[in-house]
Amino acid sequence: MAKKPSSTKSGGAAVSVSAKDKKTLGSLRVLADEVVDCAEKGRAPHLDVPSRSLSNVRFNKSKRFLEMGSGTNRRELFNLSQAKAYMQTLLISSGCKRLIEEGKTTSLRGLYYMLKHSIEGTKEETFDDQADSDTIIEDVEVTLNSLREEMHLYASNRGNLVGPITLVDSGDEIDCTRMGSAGYSIPSICEPDVIQFKKCTAKFILHVEKDTVWRRFAEDKFWLKHNCLVTHGGGQPPRGVRRLLHRLHKELNLPVYCLLDNDPWGYYIYSVLKQGSINLAFESVRMGIPEAKYIGLRSKDFDRCQLSNSVKINLNDQDVKRAKQIAEYPWFKDKKAWQKEIQTMLGNGFKLEVESLISKDISYVTEEYVPARLEDQDWLD
Amino acid sequence: MKRTPAKSPPVRTAAKKPTEADEADEVAVIDEAETNGEAPAAEKAASRPSTKRRATAESMAAGQRDISVSEFFAKNRHLLGFDNPRKALLTTVKEAVDNSLDACEEAGILPEVWVHIEMTGENRYKVGIQDNGPGIVKAQIPNIFGKLLYGSKFHRLRMSRGQQGIGISAAGMYGVLTTGKPVKIVSCIGKKGKSHDLHYFELQIDTRKNKPEILNGKGEGEDIPFGADGDKFLAKHGVEWKAAKDGTVAHNGTSVTIELEAKYQRGRGSVDEYLEQTAIANPHVTLHYKDPDGKEYHYDRAAEQLPPEPKEILPHPYGIELGNLVTMLQATKAPTLSQFLTSSFSRVSSSKASDVCEAAKLSTRANPARIGRHDGELLYQSLQKAKIPPPATDCISPIGVPLLLKGLHHVVPAEFYVADTRPPTVYRGNPFVIETALAYGGSSAAVKISLEALTEMLGETDARTLRQFLINGFNGIGGDAADKILTEAEFGNRTSPSKLKPAEIAKLHAAMRNVNLEEGQTMNVLRYANRVPLQFQPGACAITQSIMGTNWRAYGLSQSRGGLPSGPVTIMVHIASVWVPFTSESKEAVASYPEIQKEIRLGLQAVGRKLAMFVRKRMKVKQEGERRNVFLRYLGEVAGAVNEINGRDKKKLYDMLLKVAKRKTEQADIKLDDQGRVIKRAEEDEYGDNVLIVKQDEPETPPAATEAAAAGLKKTKEKGTGKAGR
C-alpha cells in the first residue's frame, strides 16, 4: 500500500466524490481508526464481521426472502487462524479507499492484482488466489454495510438478455431485440443510476440456466412468439443478473419463470433467485423475487416427455447429500410440492439437464415443453 | 579310526580355559580320555567305504597334542576383536587404555593417558599408550604382556574394565604376528623405591608355549636410567616416554608400544570414537591423543575425584554352579561346612548356613573336603532354594548421575541432558547397576563438518556408496537423512564416494549443511560396560535391543516399528557389574539376561519421561514462536493498510501493535497448566533432579566432540586447541 503514489488529497480536486462515496469513506475510516485506537490502548484489534452462514440466515415468511441475522464473527489480529484474514480485510479496505478517492472502479480480479504482493521478508503472498480476495470483499461489504458497487468494484459480466425491451445503459440506449446472436450482456452493476428502463412490451421473463439453452431460445425467436424476455445467468446467476431481474420484476411487473436443470444445483439456483442466497443474504431485499416460478425440468419429465435412458445422469453421493440439505432448508421444508419433487428425484436416482430435451427434437424445448408448461400453468412455486 | 585331533578337543579346551587358566595340561588329558571312550563306534562308521585304513590310532595319536591358548587365539583372532586391520587398531588401543585406567583406579591415581598412533608404513601403525599408573613390577611385566590369560582380574569378583587377562597380550601377539616387531614396554614403579630407573622390555609371545620371550638384555630386560640418557635410549628404540612435569622425580607409569598391521579410519568404530566415548563415561580421566595425521586431542578431566573404589566381593550362592561348588568344597581350608559357607559366599550368615545344611540333611560340622558328589548336589539345591539376600553392591561403582551429566555434556553438544542410575540388582548372583543418560537437541556432526575434513574423509573411506559413507561415517545420520542429503545434492544413491570431483564434494558439503537432519536423524546409542565403550555388534547387544523395544513415541520421539527412534538424541547406557556377561571374548555386546533387560528398560523409561517433558515444552515454545512470527509477518501489512485509509503514522502504529503482539504471546507462554494454576516455576525444578539444560543462546565454546567426530583435519598448530576445554 505504501507504494501508492501521492495521496489523492493533493490532486483530488478533479475527482468528484459523491455523497454515497463519502459515506463509504466514512465507514472505512472508522474501521481504520478502531485499529489505531486498540493499539494505543494496548488492546488486540479485532473486527466484527456479520456472519454469512446458514446459521445467521433467517427466512422471513411474510416477506418471503432470506434476511441476515445479527450474528457476527469476531476476526482478531492476534489469533493464529484469523490473523491473515484480518490483514486481508484491512488490505481490501485500503484498496477500496484508494479506488473511491481516485474515482475509478475496478473488477474483483483487478483489486486482487492491485493488492497482491509478497509480504515483506517472506515468500508469502497477501492473497493466494482470487477466491481469497473475493470472499474478503464480501466480508468488507457486510462489515461496512456498503454494496460492492459502492466500493467501486464490479464483477465480470455474466448473463445475457434478449427480448422486447429498450433500456439505457450508462447513457446509451439499447434495444434488446437487436443485439445480434449474443444478446445484451448484463453488466455486474445494474443499479438505477447505471441502467434505466425506457420501453418494454414483454409480458414475462423466462430465465434459463445457461448460455447454451438461452441460445436455443434466442435462435428460435421464442421471445418474439411469446412476447417475453429471455435471460440466463451462466449457472448460478451473478448479482448483476439477479438485480436486473429483480428490478424488471418490481418496476415493470413482469412475472419470472425459471427453466433450470433437474438437479440440486438447479433447485438452488431457483432458490437464490427467489429468496436470495445464504452467502449474500443482506442483498436479498434488492435481489429476491419471491414470486418467481419454477417451470422445469421436473423429476417427472423423464416419464412425461418419454425421454430415452441415455440422457439420465446418475446422482452421485454429493448430489444426494446436497438434495437432502436443500430439502431441509426452511423455505423448502413447508412446501409439499417441492418435497415431493426432491423425493422423486432422489427416487429416480438420476438428474436431467435441460439440454436432454434435445433428444426429442432440437426445438422441443422452445416449441413444446415451455409453451405447454406456461399454458397449463404447471410450475412449482 | 578316531576323529582328527584338530576338531573337537581344541574347542573344549578353549571353552574351559577361561576358568582354569594355567591348568591346560589336565584339561587336555581329560578330553582325551573322553574321546577314547567313544572311539570304536565312530571308527566302524568311518571305515566302511574304504578298505585301506588311512591312519591308525597310533599314527593319529602322534599328531594329538596340547593346543596352547595362544595358538588357539592366534588362529581365532576375530574372537578377540582382531578380525580386520581397522578393528585391530582399535582393539589394541582399547585394551591398553582399559588396562591403564584399571591400574590407575586401583592404585588411587587420577588417570592420565597418552595415546599416540603413528603410521610407519603401508598399513602399518605404531601405537603407543602410556599412563601415569602405579607401574608394573619388573618380574611381572613379561607375563602380563607376553602371556594370554594372565592377570589379576579374572578370579575376583569386582568391577573392572578388564576381565579375562587376554586383551593386551593378544594385541602384542597380533602385532608380532603381523609385523614381527616386538612389544616394547617401559614401566616405572615410582618414587617409593630408591631407584627411579625405568624397566625396558622388548617382548614377544611364544605362541606354542603361551610364554613370553624377552628379546632384550639377554632375556632379562634392561634397566635404563632416568634422565637425559634414558630418554636418548628410549628415543633410539622408538618408544615415547613422557616424564613428569617437574622433571626431577621419575614419572611412575607404564608405556606399551605395539607395531601392528592396521588401518586408520575415522568415523564410526574408530579409535577417535572410542576415546571420545571413553571420556564421556570416565569424566575423571584425562586423555591425550595424537592421531596419525599429527593432530592432537585433549580430553581434560571434568571431575577431580576418582570414583569410589569398588570392593571385592565373595561369590553369591545364586550365581554359582554345581561344579564350582564342588571345586570350592575341595579347595577350602575351612574346617566345617558352616564355616565354609559363611566364609566362601557373600550374604550367608551362620544361621543361614545352618538352615542350608539342615535342608540338605548335612551336618554343619561336616568336613567340606569329605562331601561327595551326591551331598554336594543336595547342598547346591538347598543353597539355591534358601532365601539369601542379594549381594552387597559396594563391589560396583556406578558413574553416578552428576558425572554422567557432566561427561555427556562435556562431549556431546545438546540442549537437554538427563541421567538416571538404577538401584543395584542381581543376575545369576552377580550384582549389576544400569545407568542411563540422554542428551537431546543440538545439531549433528554432519552439519558442522568442514569441507576439508569431508574431503579427507571421502578420500579414506572404504564405503562403496555415498549413502553408505554418510550412514557409517557420521553419528546421527540414518537412512532417511542420507537419502535427504543425496536428493538435495542431486546425487544418485550408488555414487561412489571416492570418485567425487571437488565441485561435487562442495555440493555434498552444502547439502549436508542445509538439509534439516533433525527429522531423519536416528538416535545415537552409546553403550558401555564397566565404563568401556562398546562399539561393535549393536544388534546383538541387550542394550540396543532394549532401546528398540522401548516405545519412544510415548516420549515425544518418532520411531518406526522395531527400530531405533529418530531425532537429535544421544542415549548412553552403562552396565556396571562385577562380571559383565559379554556375548564373546572380544567384549562387543552384552548378553540378554532378562534381569538386565528389565533394568535397562526401567532406566530408559526414567530418562524417557524427563525427555518427554522437555520435548513437549520445547514444542510449545516452538509453537509460540511460530505464533509470534505469524503475527509479526502481518503487522506491517496491517499498519500499512491503516495508514492508507486514515493517514496515521505507519511506524508508530506498527510499534504499538508489536508491543501488543509481544504481550499477547508472552501471556500464552505462562498459560495455565492442566490443573489451572499459573506455571511459573523455574525450568529446572519442573523436571526434578538429574537434569541439565543448556540454553542454546548462551555463548559456548565450539563443541569438542563434534570436532573430533568431524575431525577437522588441519595438521598445523592444532596443539592444545579445541579439545574438551569447556
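Refer to the structure above for everything that follows.
All residue numbers here refer to positions counted from 1 along the written sequence of the relevant chain. Just so you know, chain letters begin at A and ligand numbers begin at 1, following the order they were written in. Restriction of local features to residues with pLDDT of at least 70 applies here, the model being predicted, together with a cutoff of 80 or more for giving and counting side-chain atom pairs; totals for whole chains, interfaces and linings are based on all residues. To get the side-chain values, take all heavy atoms of the structure and skip hydrogens and water.

Q: In this structure, what is going on with the overall build of chain A? I would like to understand it.
A: Strands are runs of DSSP state E lasting at least two residues, helices are runs of H or I lasting at least four, and both sets are numbered from the N terminus onward. Within chain A, the regular secondary structure consists of 15 helices and 17 strands. By the burial criterion, 56% of the 381 residues in chain A qualify as buried. Residue exposure (1.4 Å probe, protein chains only): buried if accessible area is under 20% of the type maximum, exposed if over 50%, otherwise partly exposed.

Q: I would appreciate a short explanation of the interface of chain A and chain B in the present structure.
A: When the parts of a complex come together, some accessible area is lost, and that lost area is often taken as the interface size. Contacts are assigned to residue pairs with any non-hydrogen atoms lying within 4.5 Å of each other. Taken together, the contact pairs 35 residues of chain A with 23 residues of chain B. Both sides together, the interface formed by chain A and chain B hides about 2600 Å², and carbon and sulfur atoms give 71% of it. Buried area counts how much accessible surface, traced with a 1.4 Å probe, disappears from two parts once they are put together, with both parts' losses summed. Sorting the residues of chain A by area buried against chain B places Val36(A), Phe78(A) and Leu80(A) first, and these three jointly supply 23% of that buried surface. The salt bridge definition used is simple: a Lys or Arg side-chain nitrogen within 4 Å of an Asp or Glu carboxyl oxygen. At the junction of chain A and chain B, the tally comes to one salt bridge. We define a polar contact as two N or O atoms separated by no more than 3.5 Å, with the added condition that, inside protein, one atom must be a possible hydrogen donor and the other a possible acceptor, whereas residues neighbouring each other in sequence contribute only through side-chain atom pairs. Run the count over chain A and chain B and you get seven residue pairs in polar contact (both at pLDDT 80 or more). Of all the secondary-structure elements, those providing two or more residues to the side of chain A that touches chain B are α2 (19-40) and α3 (83-102) of chain A. Looking at which element gives the most residues to the side of chain A that touches chain B, the answer is α3(A), with ten residues. Here the term charged refers only to Asp, Glu, Lys and Arg, the term nonpolar to Ala, Val, Leu, Ile, Met, Phe, Trp, Tyr, Cys and Pro, and the term polar to all other amino acids, Gly among them. The class makeup of the residues in the side of chain A that touches chain B is 18 nonpolar, seven polar and ten charged.

Q: Help me out: how do you make sense of the sheet that holds strand β10 (residues 184-185) of chain A in this one?
A: Strands belonging to one sheet form pairs held by backbone hydrogen bonds; the direction of such a pair is parallel or antiparallel. One open sheet accounts for six strands, arranged β10-β7-β13-β12-β14-β15 (chain A); its pairing is mixed. Of all the strands in the sheet, the pair left with one neighbour each is β10 and β15 (293-296) of chain A. Between any two strands, pairing holds if DSSP finds at least two bridges.

Q: What's the story with the environment of Glu415(B) in this structure? I'm lost.
A: Residue and element names in this part refer to chain B. Relative to the assigned elements, Glu415 resides in the loop between α14 (401-411) and β10 (416-421). A relative accessible area of 14% places Glu415 in the buried class. For Glu415 and Ala439, which are 24 residues apart along the polypeptide, the C-alpha to C-alpha distance reads 7.2 Å.

Q: Can you help me understand the pattern of salt bridges in this one?
A: Close approach of charged atoms allows side chains of opposite charge to pair. All names here are of chain A. One pass over the structure, following the stated rule, counts 52 salt bridges over all chains. Close ionic contact of Lys61 with Asp334 constitutes a salt bridge, the shortest N to O distance being 3.5 Å. In this pair, Lys61 is assigned in the loop between β2 (57-60) and β3 (65-68) and Asp334 in the loop between α13 (330-333) and α14 (336-348), connecting sequence segments 273 residues apart. Comparing Lys61 with Asp334 shows no difference in burial state: the two are exposed. Its salt-bridge partner being Glu124, residue Lys84 comes within 3.1 Å of it at the nearest N-O pair. Taken together, the residues Lys84 in helix α3 and Glu124 in the loop between α4 (108-115) and α5 (130-144) connect sequence positions 40 residues apart. By the burial criterion, Lys84 is buried, and Glu124 matches it. Residues joined by salt bridges that share partners form a network here, namely Glu141, Glu149, Glu191, Arg239, Arg243, Glu283 and Arg286.

Q: Which parts of the structure should I look at to understand the packing of helix α9 (residues 264-275) of chain A against helix α12 (residues 317-328) of chain A?
A: Packed helices, taken two at a time, are described by the angle between their axes plus the distance between the axes. All names here are of chain A. The interhelical angle for the contact between α9 and α12, taken along N-to-C directions, is 30°, at an axis separation of 9 Å. Relative to α12, α9 is oriented roughly parallel. α12 is crossed by α9, and the crossing has left-handed handedness. Where α9 abuts α12, its residues Pro264, Tyr267 and Tyr268 lie against Asp319, Arg322, Ala323 and Ile326. Of the residues that constitute the contact of α9 with α12, the class distribution is five nonpolar, no polar and two charged. Here an angle of 0 to 180 degrees is reported between the N-to-C directions of two axes, which are lines fitted to C-alpha atoms, with helices fitted over the stretch in contact. In these notes the angle categories are as follows: under 35 degrees is roughly parallel, over 145 is roughly antiparallel, 65 to 115 is roughly perpendicular, and the rest is oblique. Left-handed describes a crossing whose near helix is turned anticlockwise from the far helix through less than a right angle; right-handed describes the clockwise counterpart.

Q: Looking at this structure, how should I read the pairing of strand β7 (residues 253-261) of chain B?
A: In the case of a regular strand, side chains alternate between the two sheet surfaces. Residue and element names in this part refer to chain B. Buried residues dominate β7, accounting for eight of its nine residues. In this structure, strand β2 (residues 124-131) lies alongside β7, joined through seven bridges in antiparallel fashion. Bridging across to β7, Gly128 finds its partner in Thr257. Judged from the five bridges that link them, strand β3 (residues 183-188) and β7 form a sheet pairing that is antiparallel. Bridging from a neighbouring strand, Val186 pairs with Ser255 of β7.

Q: I tried to follow the packing of aromatic side chains on my own but got confused; where do I start?
A: Each aromatic ring pair is described using two quantities: the centre-to-centre distance and the angle formed by the ring planes. Residues and elements named next belong to chain A. Each pair of aromatic rings taken from Phe, Tyr and Trp, with Trp reduced to its six-membered ring, is defined by centres within 6.5 Å and is described as stacked if the planes are under 30 degrees apart, edge-to-face if over 60, and tilted in the remaining cases. Going through the model one piece at a time under the given rule, you end up with 23 aromatic pairs over all chains. Ring geometry for Phe59 and Trp331: centres 5.9 Å apart, planes at 45°, overall tilted. Here Phe59, found in strand β2, pairs with Trp331, found in helix α13; they are 272 residues apart in sequence, far enough to count as distant. This pair shows no difference in class: Phe59 is buried, exactly as Trp331 is.

Q: Would you mind going over the nonpolar core with me for this structure?
A: Nonpolar side chains in soluble globular proteins generally cluster together in the buried interior. Grouped together as the largest cluster of nonpolar side chains are 69 residues, with contacts concentrated most on Leu89(B), Val97(B), Val115(B), Val256(B), Leu275(B), Leu408(B) and Met572(B). It is helix α5 (residues 85-107) of chain B that provides the largest number of residues to this core, a total of seven residues. What fixes the domain bounds is an automatic or database domain assignment. The residues that make up this core include at least three from each of domain 2 (75-264) and domain 4 (401-442 + 521-612) of chain B. Among all residues touching Leu408(B), those that are not within four sequence positions of it are Ile280(B), Tyr417(B), Ala437(B), Leu438(B), Ala439(B), Leu526(B) and Met572(B). Residues Val49(A), Leu77(A), Ala85(A) and Phe282(A) belong to the second largest nonpolar core, which totals 53 residues. By nonpolar core is meant a set of buried Ala, Val, Leu, Ile, Met, Phe, Trp, Tyr and Cys residues that side-chain atoms within 4.5 Å join together.

Q: Looking at this structure, I do not really get unusual backbone geometry. What am I missing?
A: Apart from glycine, the bulk of residues carry a negative phi angle, and the bulk of peptide bonds sit in the trans form. With an omega of -5°, the peptide bond between Gly296(A) and Leu297(A) qualifies as cis. Position of Leu297(A) relative to the elements: it lies in the loop between β15 and α11 (301-304). Positive phi, normally seen in glycine, also occurs at Arg64(A), with a value near 60°. Among the structural elements, Arg64(A) can be located in the loop between β2 and β3. You will see that Asn123(B), though not glycine, has its phi angle at about 55°, which is positive. By the element assignment, Asn123(B) lies in the loop between β1 (112-121) and β2. Under the relative-accessibility criterion, Asn123(B) is labelled partly exposed at 37%.

Q: In this structure, what is going on with the layout of surface pockets? I would like to understand it.
A: In this approach, a probe sized like a water molecule rolls over the atoms, and the result shows the empty space that is left. Residue and element names in this part refer to chain B. Looking at the second largest pocket, its volume works out to about 830 Å³. Around the second largest pocket, the lining is made up of 39 residues, and of these Asn99, Ile136, Ile144, Ser152 and Lys153 lie nearest the centre. Secondary structure elements with two or more residues in the lining of the second largest pocket: α5, β2, α6 (141-146), α7 (167-179) and β7. For cavity detection a 1 Å grid was placed over the protein atoms alone, and a set of points counts as a cavity when a 1.4 Å probe fits there but cannot get out; an open set counts as a pocket when protein lies on both sides within 12 Å along at least five of seven lines, with lining residues being those that have an atom within 4 Å of a point. Grid points are joined across faces, edges and corners, and a volume is the space filled by probe spheres set on the points.

Q: I'm lost on the environment of Val412(B) in this one. Help?
A: Residues and elements named next belong to chain B. Tracing the backbone shows Val412 in the loop between α14 and β10. According to the relative accessible area criterion, Val412 is buried, its value standing at 11%. Put simply, Val412 and Thr570 are 158 residues apart on the chain and 7.9 Å apart in space, counted from C-alpha to C-alpha.

Q: Would you mind going over α5(B) with me for this structure?
A: For an α-helix, the turn length of 3.6 residues means that residues three or four places apart are oriented alike. Residue and element names in this part refer to chain B. Its 23 residues place the ends of α5 33 Å apart at the C-alpha level, agreeing with the 33 Å of an ideal helix rising 1.5 Å per residue. Of all 23 residues in α5, 17 are buried; the element is thus mostly enclosed. Gly108 sits one or two residues past α5 and shows a positive phi near 75°. Helix span is expected to be 1.5 Å times the residue number reduced by one.

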